[in-house]
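Structural overview for review
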Amino acid sequence: MCIRDRTLSTKEKRKKMLSPESNCLENDYIKININENGTLEVFSKETGALYSGIGYFLDESNLRTDGTYEIQPVLSTEEIKPSIKLLYNGPSGAAYKINYVWDIPSEINKKTKERSSKLDAIKVSSIISLDRFSKYLDMVVSFVNKASNHTLKICFPIDFKTDFSYAGGRFDIVSRRIGNTKKFSGKGREPITFLMNNFVGISRDDDNFTVITDGLTEYEILKAKKQIAAITLFRDISSINNPFKGRCHLCFYPHLGRWESGQIINETYSHNIGLEVFRKEKSAGNLPTQIEFLRISPDDLIFSTLKYKESGEGIVLRLFNPTNYVINGEVFTYLPIRSVELLSLEELVIDFLEIDNENKFAIKVKPKKIITLRLSFRNN
């Protein structure tokens with residue numbers, strides 16, 4: 001018998017790594033190149049779209065007078081050359097760290113309403129990572145701030161013309177016209193900000209991207225050579241004698257289909273709510289190696305809650321429809337169902353649903369509506 005030595009060559013090893021060349025990340029879905037100024041070129045292999053110059057930072061004054069912002073120069077990291085370091089590289093994932101040391105005005109003179117000539121260095125770092133099977137770029141932004149009365153934003157240029165943005169609400173997706181946004185001149189402007197809950201996105205046919213965050217609440221659409229989605233990382237009104245640190249987690253997600261497909265909300269939940277594994281003491285009975293205790297379809301009917309009823313009787317399932325159309329959905333369960341009741345948000349019984357199959361039932365949810373159900377299961 002002849003046994004061939006199958007030691008991988010250097011070329012084969014590089015093919016298996018997710019950083020096959022310097023300042024580059026790539027898997028089957030997405031390719032990212034890091035520019036010298038720390039911005040990113042992101043190519044989506046699914047959509048064929050290229051997003052250029054994403055991930056730079058803007059800094060501007062944060063001084064209000066009679067409810068309006070003062071017009072002050074806006075600073076950008078686009079002209080800064082940060083340090084770029086490979087953190088790890090392997091078949092399952094790779095990551096780089098981009099470090100900026102950025103001199104900005106230390107404060108604002110409230111009498112002259114101008115930013116001071118004295119500068120303070122703030123440190124901003126971005127760890128960008130890509131997993132083998134991920135469809136989005138993961139970004140962890142950290143900063144150490146010493147200056148006061150200023151706002152820091154992270155920017156995502158839009159490489160196509162669009163008139164609308166969308167953002168997450170509590171049980172809704174809000175679509176906003178952005179045609180009335182003030183032009184960004186680089187010399188200052190009066191910002192028009194929008195609220196968001198965990199994500200903001202831009203769509204045009206099959207050319208779409210969403211930025212998922214872990215709690216950032218404000219964004220703007222700026223107009224320069226391109227439109228720019230700018231997400232506020234912090235607004236600071238503190239004293240320069242009280243520096244603070246911060247950390248934000250974001251994902252840049254280019255995707256097929258608009259947000260109505262339901263994937264955006266589901267990806268947001270996956271990003272912000274991690275899975276926890278609990279070990280249960282051994283009990284009687286066996287379960288299959290693969291099992292779904294609960295499945296909801298279609299994807300645009302969104303799961304919100306599964307819990308015991310406040311009175312302790314039955315299991316409460318809460319769903320919502322963020323779209324502008326009626327969803328005819330189905331709920332599948334592993335355990336056999338005895339009854340399904342429609343409840344109010346106060347968990348009072350409104351109606352009973354007919355059950356034709358003990359492992360599934362149909363449900364109709366009107367546009368922009370929340371629905372609460374109580375499920376009772378058979379004991380055997």
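Described in the following lines is the structure provided in the data block. (Residues numbered from 1 in each chain as written. Predicted model: local features only at pLDDT ≥ 70, side-chain atom pairs only at ≥ 80, totals over all residues. Heavy atoms only, no water.)

1. Side note on the overall build of the chain
The helix and strand tally for the chain stands at 2 helices and 31 strands. Of all 380 residues assigned to the chain, the portion counted as buried reaches 46%. Relative to all contacts within the chain whose residues are 6 or more apart in sequence, the contacts with residues 24 or more apart total 65%. Only carbon and sulfur atoms are counted for the fraction: they give 50% of the accessible area of the chain, which is about 21000 Å². (Helix = DSSP H or I, 4+ residues; strand = E, 2+ residues; numbered from the N terminus. Buried < 20%, exposed > 50% of the residue type's maximum accessible area, 1.4 Å probe, protein only. Contact = heavy atoms within 4.5 Å. Areas by Shrake-Rupley, 256 points an atom, 1.4 Å probe, with all protein chains shown as cover.)

2. Side note on the pattern of salt bridges
In this structure the tally under the stated criterion is 12 salt bridges. The partner of Glu46 in a salt bridge is Lys135, with the nearest N and O atoms 3.4 Å apart. Of this pair, Glu46 sits in the loop between strand 3 (40-44) and strand 4 (50-54) while Lys135 sits in the loop between strand 13 (119-131) and strand 14 (137-145), placing them 89 residues apart in sequence. Judged by its relative accessible area of 33%, Glu46 falls in the partly exposed class. By relative accessible area, Lys135 is classed as partly exposed at 33%. (Salt bridge = Lys/Arg side-chain N within 4 Å of Asp/Glu carboxyl O.)

3. Side note on the sheet that holds strand 24 (residues 294-297)
An order of 24-27-30 is seen for the 3 strands of this open sheet, with the pairing classed as antiparallel. The sheet is open, and its two edges are formed by strand 24 and strand 30 (360-365), each paired on a single side. Between one strand axis and the next, the sheet turns by 20° as a mean value, whatever way the strands run. In this sheet, strand 27 (residues 327-333) lies alongside strand 24 in antiparallel orientation, the contact comprising 4 bridges. Bridge assignment links Arg295 to a residue of strand 27, and that residue is Phe332. (Pairing = 2+ DSSP bridges. Axes fitted to C-alpha atoms, helices over the stretch in contact; angles between N-to-C directions.)

4. Topic: the layout of surface pockets
Roughly 750 Å³ of volume is contained in the largest pocket. What lines the largest pocket is a set of 27 residues, among which Ile265, Asn266, Tyr269, Ile302 and Phe303 lie closest to the centre. Broken down by secondary-structure element, the contributors of at least two residues to the lining of the largest pocket are helix 2 (263-272), strand 24 and strand 25 (302-308). Looking at the lining of the largest pocket element by element, the count peaks at 6 residues for helix 2. Split by residue class, the lining of the largest pocket holds 14 nonpolar, 9 polar and 4 charged. Taken together, Phe293, Leu294, Leu306, Lys307, Tyr308, Ile315, Thr333, Leu335, Leu375 and Phe377 make up the full set of residues lining the second largest pocket. (1 Å grid on protein atoms, 1.4 Å probe; cavity = no way out; pocket = protein on both sides within 12 Å on 5 of 7 lines; lining within 4 Å. Points joined across faces, edges and corners; volume = space filled by probe spheres on them. Nonpolar A, V, L, I, M, F, W, Y, C, P; charged D, E, K, R; others polar.)

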